[in-house]
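# Fold and contact review
Spelled out, the chains give:
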Amino acid sequence: MFSSIFGFFSSNMAIDLGTANTLVYVPGKGIVLKEPSVIALLNHKGSMIPYAFGHEAKMMLGRTPSEISAIRPLKDGVIADFKAAEEMIKHFISSVHQRRSFFARPTIIVCVPYGATAVEKRAIFDSVESAGAREVYLIEEPMAAAVGAGLPITEPYGSMIVDIGGGTTEVGIISLGGIVIAKSVRVGGDIMDEAIISYTRRYHNLLIGESTAEHIKKEIGAAFSPVEEPKSLTVRGRDLVNGVPKEIVLTSNNIAESISEAISQIVHTVKDLLETAPPELSSDIVERGIVLTGGGALIHGIDKVLQEATGINAYISKDPLSCVAIGAGKVLENFSALGHVVLKRD
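Residues numbered from 1 in each chain as written. Predicted model: local features only at pLDDT ≥ 70, side-chain atom pairs only at ≥ 80, totals over all residues. Heavy atoms only, no water.

Going by an unreviewed UniProt entry, the protein chain carries the name Cell shape-determining protein MreB and comes from Candidatus Cyrtobacter comes. In the Function (unreviewed entry) part of its UniProt record, the protein chain is described as follows: "Forms membrane-associated dynamic filaments that are essential for cell shape determination. Acts by regulating cell wall synthesis and cell elongation, and thus cell shape. A feedback loop between cell geometry and MreB localization may maintain elongated cell shape by targeting cell wall growth to regions of negative cell wall curvature." Heading Subunit (unreviewed entry) of the UniProt record for the protein chain holds this comment: "Forms polymers." (UniProt positions renumbered as here; feature names shortened; annotations may be inferred.)

Have a look at this one:
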């Protein structure tokens, strides 16, 4: 019954409210919105008024005049600025609804990190309800990622998922429709960006911004060195010695060196979980392998690093950036069969 209701009201949606990006999935339509989780606020007579959202706001990061603040209201996968997050969520919901305004209050499933506290979950419930939702459910990211990757979560076999997002890395082992064991570590794309900024500052006396660091990571990032055929990229920033603009050339090997600590933490988390996994599930994982999702899965060679560290085959999912949102959307579309995996407000 629930699945038919959710399928009929196409205004209902699943939201992957990520630290770096927000994705919205509408049943029957798929991913309809993919925007950076950024909002720009205008200080008007002491009141902060929403000024821009998503891609437009992200372009303003590090470039705004004093009266405008471009911020990311989520940190480590959870809400850090309640009011800004609410305005951003409200904007994204209304963007999806602009041609379906008849259904004013949708039912929404939101993805949350496995390690989110009760307070952090309540903040998400409150923000999404305040943004106009009729009902709000939460789904933990390892489960959503596993569903989105097409893993057989309801079968009596163990499946292992590693979701490397902007704020957190979620590692989980799933069987019979539930998370048997999981761990969330606050290491992800943001920590890697900070590491790249620190590297250019320490070794090249060059100050770069978050957007530049993210661009470097996407273009020439690597999980190990030496890379057989390293890519190179010209990077521009401010010379910390002379205070003038300067450019340098970085290679994949430089970036691998800078983010090595973050990669090591992810590998350590995966190995920790494998060590505590029930033996029957361990044998299933050896047979089926480890599936990687999230933007971090796109870093060159990260699957090989995990494979060498664990001795288990590691695979990158078909659409790693959208896996979590797709998984939450599939739960929404098949609520009668998969509704038990969501979390309700206490």
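Attention now goes to the packing of aromatic side chains. Evaluation of the coordinates by the stated rule reveals two aromatic pairs. Ring geometry for Tyr199 and Tyr203: centres 4.8 Å apart, planes at 45 degrees, overall tilted. Residue Tyr199 and its partner Tyr203 are both found in helix 6 (residues 189-204); the two are separated by four residues, about one turn of the helix. For Tyr199, a relative accessible area of 7% puts it in the buried group. (Phe/Tyr/Trp six-rings, centres within 6.5 Å; stacked < 30°, edge-to-face > 60°. Helix = DSSP H or I, 4+ residues; strand = E, 2+ residues; numbered from the N terminus. Buried < 20%, exposed > 50% of the residue type's maximum accessible area, 1.4 Å probe, protein only.)

With that settled, the discussion passes to the environment of Met13. Within the secondary structure, Met13 sits in strand 1 (residues 13-17). Residue contacts for Met13: discarding those within four places in its chain leaves Val24, Tyr25, Val26, Pro27, Ile93, Val96, His97, Pro106, Thr107, Ile108, Ile109 and Leu332. (Contact = heavy atoms within 4.5 Å.)

Time to look at the sheet that holds strand 9 (residues 107-112). With mixed pairing, five strands are arranged side by side in an open sheet as 3-2-1-9-10. Among the strands making up the open sheet, the edge pair consists of strand 3 (30-36) and strand 10 (135-140). Pairwise comparison of adjacent strand axes, ignoring direction, gives a mean angle of 20 degrees for this sheet. Sheet topology places strand 2 (residues 21-26) next to strand 3; six bridges connect them, and they run antiparallel. (Pairing = 2+ DSSP bridges. Axes fitted to C-alpha atoms, helices over the stretch in contact; angles between N-to-C directions.)

Moving on: the nonpolar core. One recurring pattern in soluble globular proteins: nonpolar side chains tend to sit buried together. Among the nonpolar cores identified, the biggest contains 43 residues, and Met160, Ile216 and Ile290 are the most heavily contacted of them. Ranked by residues supplied to this core, first place goes to helix 9 (residues 260-276) with seven residues. Excluding its chain neighbours within four sequence positions, the residues that come into contact with Met160 are Leu151, Val171, Gly172, Ile173, Val270, Leu273, Leu274, Ile285, Gly289, Ile290 and Val291. If you look at the next biggest cluster of nonpolar residues, it comprises 28 residues, including Val96, Val112, Phe125 and Val136. (Core = buried A, V, L, I, M, F, W, Y, C linked by side-chain atoms within 4.5 Å.)

For the rest of this paragraph, the subject is the layout of surface pockets. As a volume, the largest pocket reaches approximately 920 Å³. Residue lining of the largest pocket: 46 residues in total, with Asn21, Lys218, Gly295, Gly296 and Leu321 positioned closest to the centre. If you list the elements that add at least two residues to the lining of the largest pocket, you get strand 2, strand 3, strand 11 (159-164), helix 6 and helix 7 (210-220). Here the lining of the largest pocket takes seven residues from helix 7, the largest share from any one element. (1 Å grid on protein atoms, 1.4 Å probe; cavity = no way out; pocket = protein on both sides within 12 Å on 5 of 7 lines; lining within 4 Å. Points joined across faces, edges and corners; volume = space filled by probe spheres on them.)

To continue, consider the packing of helix 5 (residues 141-148) against helix 12 (residues 323-333). Taken N-terminus to C-terminus, the directions of helix 5 and helix 12 make an angle of 85 degrees; their axes are 6 Å apart at the nearest point. Our classification of the angle between helix 5 and helix 12 gives roughly perpendicular. Contacts from Glu141, Ala144, Ala145, Val147 and Gly148 of helix 5 reach helix 12 at Cys323, Val324, Ile326, Gly327, Ala328, Lys330 and Val331. Taken together, the residues of the contact of helix 5 with helix 12 sort by class into eight nonpolar, two polar and two charged. (Parallel < 35°, antiparallel > 145°, perpendicular 65-115°, else oblique. Nonpolar A, V, L, I, M, F, W, Y, C, P; charged D, E, K, R; others polar.)

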